[in-house]
Amino acid sequence: MDSRYLALYPFVSEASEYVGGLGFSPEKLLSSRALDSARLRGKERVIQSLTGEIEKPSPSGSEEGKILTELLSYPFARILVSCIDDQFLTRKYALAEAKAAYRLLKTQQPEFLQELGLDFQINAETYENMESHDILFDLHFTDYIKLATTLKDLNWKLVNRKMKAGHVRISKEEFARLLQEAIRSRIQNALPLSVPEEISEACTPYLAEINETLEEKKSDFGVGEFQKVESELFPPCIVQAIANVRAGVNLAHSMRFAMTSFLLNIGMTVDEVVAMFNVSPDFDEEKTRYQIQHIAGSSGTTYKPPSCNTMRTYGNCYNPDEICKNTKHPLGYYSRRMWLKNKMEKEKEKKA
Amino acid sequence: MNFKTKYFLKSKFQEYYKTAEIHIPSRLEAREWGFISFDEMPETVMRRHKSFGSRGEVEEYLAGMAPAHAYHSVAYYTYPSAPTMKEKQWQEADLIFDLDADHIPGAPNSYSEMLDHVKKETLKLYDLLINDFGFNEEDIRAVFSGGRGYHFHISDPRVRSLESAERREIVDYISGRGLNIEKIFYKKAISGDAGSENVRMNMLSPESEGGWGGRINRYLVSYLTDLASKEDAEELFTGFKGIGKKTAQKMIDILRDETQVELLRKGNMEALSKVNKDIIQTLALQAVNDMSASVDEPVTGDIKRLIRLGGSLHGKSGMRVTTLSISELEAFEPLTDAVVFSDKPVKLKVIRPFAVQMKGNDLYVEEGTQELPEYAAVYLMCRGAAEYGS
């Protein structure tokens, strides 16, 4: 790949090899005055990921210095995200990088997408549709579901795909969308990097603005306020489960798990959840406590409640409302309601 | 289950394991093993987190301990005998499907009919795995569980790294769950015809298309042409809600005309545009019902599950967990082929009346002391319906 392209897709293996070959140590990346613009651009990347989208320079006509700045801004941005090491930021940042890449990929030639796919171990063959002359991408179904399972629209479900002998054919735009998922998970899973203390200290001047933006975004979003449990903001599935438990109806195992992990994740204690089950017809305090502690992480794994997709498959999705339509996860529903509530309260305050 | 019965069953199982052909899973050193012994019965105590280094070790353990139930993990671990899942370090897992009479709608009550019913389901699953998922025959292993169903093991390296959610997507495909019928029946705008830009043609997925679309086309065409070829076709068609004599006759004409049927196969539905949409929808759903397989979702989604060892005995029936190739599966009669014990008479005390069909014999036993062939005696004792001796 041309270095101009590497600057636009800095997460590919070739780009990190290229940057490695330039011989910039993290120290140099932080101290060299010549790289000041790369550092500023790195900070900008992170801020843009929180406030909107990461803007990319146009691939044609950029001069060499600008290309280098763009290329080196990426490792620096990753160092900054790692210094802060906040899950919300990491997710937002990875998503924004991936979305920016998607916007560019849609405009590229099929061969380019195919080559990029190889960097993610996705072997896609291309075919021309004889009728429409569009180029289609042919993927093995395992590569397809690894990327498509996280997508919410039902059209991405394997059952709605024209699968033949283990292969699925998709359009260029769809392939670009799947690559976005691959990019997002690669970036997200590699973060945080372990940052030595000296480096972390040297980054301090860049962190204040990011932290400020992050706090602002978080309070808008209602993140970090799960400490206070607001039961009126629970999604309908959880409300229904609680109502059933209170009425003495036995829950299916999968629903019991969903409800328990949900309540634990939003900040209820094991004792509080045990107390909720105290009315179950087959209540056995010791057993219940043991199971809840297990879900809470006594074995070393903390469990998240199942996604809406999984809830649906198990028949645990109950009476979805308007907010459910734009939600993938019961916890997402809760934080969204929380955000809406905070927003309304803020508006009220303003008026008052 | 009293002490004498336990002792008898254990010694019978021991005898079996001395010469049994055990189906050792691939990469056996990376598997976790679990066993339930007769000793603690009726308590079910699973001894798990075991690991073995060789076939010889497994066989020695089975012949020595003669467990009532033997399992290995579907997963491959770095440290299979570590006490917690986290420490085991999951690497990958075979893809498993479980077809169990308990989870298949409309399964009959008698054991032999129930097993027949499940077997039909296995053949549907097999068809999907080969044609839609493109697995090779050698990559699919069917296993009769020794109880009420079958397991399918797929060890194709490409599926082993799949996570739970991805495996559930496969289950949804196999059971037709979440299928968007609207995408299969659609309208296509026709361009080029001067002055009639608004013409929209009724279409469905062509028969050659992959996935459920092509399947539904093939089902619809074969179902409808089959009806139309019958002598009482008009009566059959007017039997559908909303189809009158005129429409019925028109449909029959179309469906008996090979050129028109060919258009249908290619996805042009115009010929059936007069037919009520609900009828077509109902037939499409019928197609999905007919070709989908009811696999037990949580089993496939569980990438750390223990599953019965091929060649071991099922402690609740005394029958063999039987590994089968596809051609063997078609001819397989579980109540004969999975029975391993002899015809030698054994005295036992029957606790409750019991009926079972084994080795082609209808056995019906009353309460009280009886003499039965060994295989049936073992079965009854394993089921908890009899105790050993008189």
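Residues numbered from 1 in each chain as written. Chains lettered and ligands numbered in written order. Predicted model: local features only at pLDDT ≥ 70, side-chain atom pairs only at ≥ 80, totals over all residues. Heavy atoms only, no water.

- As annotated in an unreviewed UniProt entry, chain B carries the name DNA primase small subunit PriS and is attributed to Methanococcoides vulcani.
- On record in UniProt, under Subunit (unreviewed entry), the comment for chain B is "Heterodimer of a small subunit (PriS) and a large subunit (PriL)."
- As recorded by UniProt, the Sequence similarities (unreviewed entry) comment attached to chain B reads in full: "Belongs to the eukaryotic-type primase small subunit family." (UniProt positions renumbered as here; feature names shortened; annotations may be inferred.)

- Under an unreviewed UniProt entry, chain A has the name DNA primase large subunit PriL and belongs to Methanococcoides vulcani.
- Under the UniProt heading Subunit (unreviewed entry), the entry covering chain A gives this text: "Heterodimer of a small subunit (PriS) and a large subunit (PriL)."
- Note on chain A: under the UniProt heading Sequence similarities (unreviewed entry), the record states "Belongs to the eukaryotic-type primase large subunit family."

**Examining the packing of helix H2 (residues 13-22) of chain A against helix H5 (residues 64-84) of chain A**
Residue and element names in this part refer to chain A.
- Between H2 and H5, the shortest axis-to-axis distance is 11 Å and the interhelical angle comes to 100°. In terms of their interaxial angle, H2 and H5 are classed as roughly perpendicular. On H5, the residues touching Ala15, Tyr18, Val19 and Leu22 of H2 are Leu68, Leu71, Leu72 and Pro75.
- For the contact of H2 with H5, a count of residues per class yields eight nonpolar, no polar and no charged. (Axes fitted to C-alpha atoms, helices over the stretch in contact; angles between N-to-C directions. Helix = DSSP H or I, 4+ residues; strand = E, 2+ residues; numbered from the N terminus. Parallel < 35°, antiparallel > 145°, perpendicular 65-115°, else oblique. Contact = heavy atoms within 4.5 Å. Nonpolar A, V, L, I, M, F, W, Y, C, P; charged D, E, K, R; others polar.)

**Overview of the UniProt feature "binding site: [4Fe-4S] cluster" (unreviewed entry) in chain A**
All names here are of chain A.
- Those places that UniProt annotates as "binding site: [4Fe-4S] cluster" (unreviewed entry) correspond, in this numbering, to Cys237, Cys308, Cys317 and Cys324. With the annotated positions falling across 88 residues, the maximum pairwise C-alpha distance of 10.0 Å places them together in a single cluster.
- Locating Cys237 in the fold gives a position in helix H11 (residues 236-246).
- Beyond its immediate stretch of four places on either side in the chain, Cys237 contacts Met255, Met311, Asn316 and Tyr318.
- Structurally, the position occupied by Cys308 is in helix H15 (residues 308-313).
- Residue classification places Cys308 among the buried positions, given a relative accessible area of 16%.
- Excluding residues that lie within four positions of it along the chain, Cys308 makes contacts with Thr327, Lys328, His329 and Pro330. (Buried < 20%, exposed > 50% of the residue type's maximum accessible area, 1.4 Å probe, protein only.)

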